[in-house]
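Fold and contact review
Here are the chains, one letter per residue:
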Amino acid sequence: MQQRDYFLDPPRAGTFAHVDVFTAGVQGAIEKRIPIEDATTGMLHLRGSAMGSLGFGDVAAHADVRFLGLITLGASAGYRRVWNAYSYPDNVANTRERRHDKVNTATEPRGPKGVSWPWLEVRGRLVIPLESLWLIANAALRIEDPGGDAMPDNSFDWFHTNVHDAGRLARVDGTLFYRHGRFGAIGPTVRYLDVPRNGGRAGEIAYGLTFGTRPGFFRRDDLLLVQTLVDLRDQDRTFGWHVGPLARIPLYAMLIYRKSFEF
């Protein structure tokens with residue numbers, strides 16, 4: 001029987017299709033995992049994905065190389081289509097309440113519709129296994145709209161649930177998981193983002209919890225993942241979802257169910 005914390009182990013080689021259903025949309029992906037010498041030495045991951053959600057759609061290609069199950073280096077290139085854009089002039093705060101009013105009332109003017117731009121990302125991951133405690137740390141450099149002429153400034157980012165301009169984003173996050181084969185894995189998460197905002201740079205830090213398990217709807221290779229993040233400093237009230245009562249809380253919340261199929 002596949003353990004409920006299997007998703008933290010180095011994945012096996014092969015060709016897989018992944019189907020994700022998450023809080024605000026769906027995603028599909030095809031992934032090829034190719035061993036380097038053998039699966040314990042390293043593995044090359046090649047993946048293509050397409051996603052549609054409440055606010056935007058995205059297509060992307062990804063390549064990652066994993067070494068000894070501990071270090072992963074990768075890069076992605078994608079193209080985003082935002083059909084629910086929330087952007088304002090630089091002198092107008094893009095708050096959760098203002099976005100909520102834009103959805104539910106006519107008091108706020110609607111932003112541009114149907115804006116599109118490319119994005120690029122390079123990233124790294126470090127896994128430190130400590131018996132039943134596993135530390136997973138990630139770092140990424142992401143460029144939204146490299147040309148700088150399509151993405152509106154002072155825009156809500158559906159992916160990170162924050163507000164920023166076009167340009168370079170730096171992200172560092174880490175989770176200390178307690179894992180158990182009969183339960184899954186759970187642990188505290190910290191995420192730091194450095195983003196372009198109001199003609200300069202701004203940093204934000206969010207704290208939360210991540211939980212993952214194999215729910216067992218199928219015999220193997222299904223995954224339920226829940227992550228919540230709160231920005232305790234959120235002085236400008238821009239961080240987090242703006243839907244319903246969530247507009248009052250600086251909260252990012254994501255629930256994902258994945259089923260993988262091996263060819």
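The structure reproduced in this document is the subject of the present report.

Criteria and thresholds
- Residues numbered from 1 in each chain as written.
- Predicted model: local features only at pLDDT ≥ 70, side-chain atom pairs only at ≥ 80, totals over all residues.
- Heavy atoms only, no water.
- Helix = DSSP H or I, 4+ residues; strand = E, 2+ residues; numbered from the N terminus.
- Buried < 20%, exposed > 50% of the residue type's maximum accessible area, 1.4 Å probe, protein only.
- Polar contact = N/O pair within 3.5 Å; in protein donor to acceptor, adjacent residues only side chain to side chain.
- Contact = heavy atoms within 4.5 Å.
- Patch = residues over 30% accessible without salt bridge, like charges linked within 9 Å, V, L, I, M, F, W, Y side chains within 5 Å.
- Areas by Shrake-Rupley, 256 points an atom, 1.4 Å probe, with all protein chains shown as cover.
- Salt bridge = Lys/Arg side-chain N within 4 Å of Asp/Glu carboxyl O.
- Pairing = 2+ DSSP bridges.

**Observations concerning unusual backbone geometry**
- Positive phi, close to 60°, is recorded for Asp145, a residue that is not glycine.
- Inspection of the secondary structure assignment puts Asp145 in the loop between β7 (133-144) and β8 (155-157).
- A relative accessible area of 3% means that Asp145 is categorised as buried.

**Quick look at the side chain of Thr238**
- Turning to its location among the elements, Thr238 is positioned in the loop between β13 (222-230) and β14 (251-262).
- On the basis of relative accessibility, which here comes to 6%, the residue Thr238 falls in the buried class.
- Polar side-chain contacts of Thr238 include one of 3.1 Å to the side chain of Asp236.
- Not counting the four nearest positions on each side in its chain, Thr238 is found in contact with Asn94, Thr95, Arg96, Arg99, Thr161, Asn162 and Val163.

**Brief notes about a nonpolar patch on the surface**
- Taken together, Phe67, Leu68, Leu70, Ile71, Leu73, Leu126, Ile128, Leu130, Leu133, Leu176 and Tyr178 make up a surface patch of nonpolar side chains, about 940 Å² in accessible area.
- Sorting the residues of the nonpolar patch by element identifies β5 (71-82), β6 (115-130) and β10 (167-180) as the ones contributing at least two each.

**Looking at the pairing of β10**
- Relative to β10, β7 is paired through twelve bridges, and the arrangement is antiparallel. Opposite Glu144, over in β10, you have Gly167 as the bridge partner.
- Taken together, the nine bridges between β10 and strand β11 (residues 184-197) define a ladder with antiparallel strand orientation. Along β11, the bridge assignment pairs Arg179 with Ala185.
- Between β10 and the antiparallel strand that follows it, β11, lie three residues.

**Considerations on the side chain of His18**
- Here His18 shows up in strand β1 (residues 14-22).
- Residue His18 is classed as buried on the basis of its relative accessible area, which comes to 3%.
- At 2.7 Å, the side chain of His18 forms a polar contact with the side chain of Glu31.
- The residues contacting His18, other than those within four sequence positions of it, are Gln27, Gly28, Ala29, Glu31, Arg33, Arg258, Lys259 and Ser260.

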